[in-house]
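Here's the letter readout for the chains.
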Amino acid sequence: MGVTKEQVESSLTSKLNPAHLEVIDTSGGCGASFTIEVVSEKFEGKRLLERHRVVNAALEEEMKQIHALSIKKALTPEQWKQQQESEKPEPAA
Amino acid sequence: MSRPLSKLLFKGISGFPAACSSKIVSGSFYQNGMRYSTSVPNDSDTHDDFKPANKFDGSGLSLKELVEQDVKDNPVMLYMKGVPEVPQCGFSSLAVRVLKQYAVPLSARNILEDPELKTAVKAFSHWPTFPQIFIKGEFIGGSDIILNMHQSGELKEKLKDIAVNQEKSA
């Protein structure tokens, strides 16, 4: 019963070859709810809905037991880089 | 604008694990002035041959057709856990709150009331979770996507022609 964070990570890693991946178990231990951030080249040229479909498909098996999957970020490596740069604190003058 | 919204997101999600179990379905939905009801009495004495072909009395629609008609007839159609007034899940609640920022008519069905409808909607959109949002017949996605579109301004653009009738001039 339930799915572990490691299972989610390993499925996403093998199917999406992510440049960045963060999986958080938000279920409080029962393994039915996860929040993820994923950066992958596979998202290139896809809009958000399609990116989420890619993630859902990668987790097809796990989704049978996951009640809630929140995909906070589904970015291309390029977007990820830009976002990280824009989030960098301004150097003090 | 994005700052209060991130709070909205946080509030929406924070109530989640306890509130979201699809196993907990109480009979109290009826008191909330539902616009739609998806349940019908199930007469187990009726022979299969004489059962209505679908659960939506008199409409002659299969569940798939019902969903097709829903998304066609309702500019903003939401399939959710609970009802807009009383969502039964943090994600459904978030979707409702995002959509309520816009002056658009909101139609919703409660999939907790009808497992068959739930299955039919999932098959229709090829999407595994709820809420599911359709705008002008187009499948938009779930709560993460609607929030993202809200923050990016894309949602405003999409709802522009629906909201325009009700928009008050400044």
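Refer to the structure presented above.
An account of the accompanying structure is given in this report. Predicted model, so just to flag it, every value in this text is computed and none were measured.

## Notes on the overall build of chain B
Reasoning step 1: Counting secondary structure elements, chain B contains seven helices and six strands.
Reasoning step 2: Listing each helix as α and each strand as β along chain B from the N terminus yields α-α-α-β-β-β-α-β-α-β-β-α-α.
Reasoning step 3: Per-residue burial over chain B gives 46% buried out of 170 residues.
Reasoning step 4: The contacts of chain B with a sequence gap of at least 6 include a subset with a gap of at least 24, amounting to 67%.

## Observations concerning the interface of chain A and chain B
When the parts of a complex come together, some accessible area is lost, and that lost area is often used as the size of the interface.
Reasoning step 1: Taken together, the contact between chain A and chain B spans 16 residues of the former and 18 residues of the latter.
Reasoning step 2: Summing the contributions of chain A and of chain B, the shared interface buries around 1,300 Å²; its carbon and sulfur component is 60%.
Reasoning step 3: Three residues, L49(A), R53(A) and H67(A), lead the burial of chain A against chain B; their summed loss comes to 34% of the area buried on that side.
Reasoning step 4: The interface formed by chain A and chain B contains two salt bridges.
Reasoning step 5: Put simply, D144(B) and K72(A) hold a salt bridge, and the shortest N to O gap is 3.5 Å.
Reasoning step 6: Summed over the shared surface of chain A and chain B, the result is five residue pairs in polar contact (both at pLDDT 80 or more).

Reading guide: rules and limits
- Residues numbered from 1 in each chain as written.
- Chains lettered and ligands numbered in written order.
- Predicted model: local features only at pLDDT ≥ 70, side-chain atom pairs only at ≥ 80, totals over all residues.
- Heavy atoms only, no water.
- Helix = DSSP H or I, 4+ residues; strand = E, 2+ residues; numbered from the N terminus.
- Buried < 20%, exposed > 50% of the residue type's maximum accessible area, 1.4 Å probe, protein only.
- Contact = heavy atoms within 4.5 Å.
- Buried area = accessible area lost by both parts, 1.4 Å probe.
- Salt bridge = Lys/Arg side-chain N within 4 Å of Asp/Glu carboxyl O.
- Polar contact = N/O pair within 3.5 Å; in protein donor to acceptor, adjacent residues only side chain to side chain.

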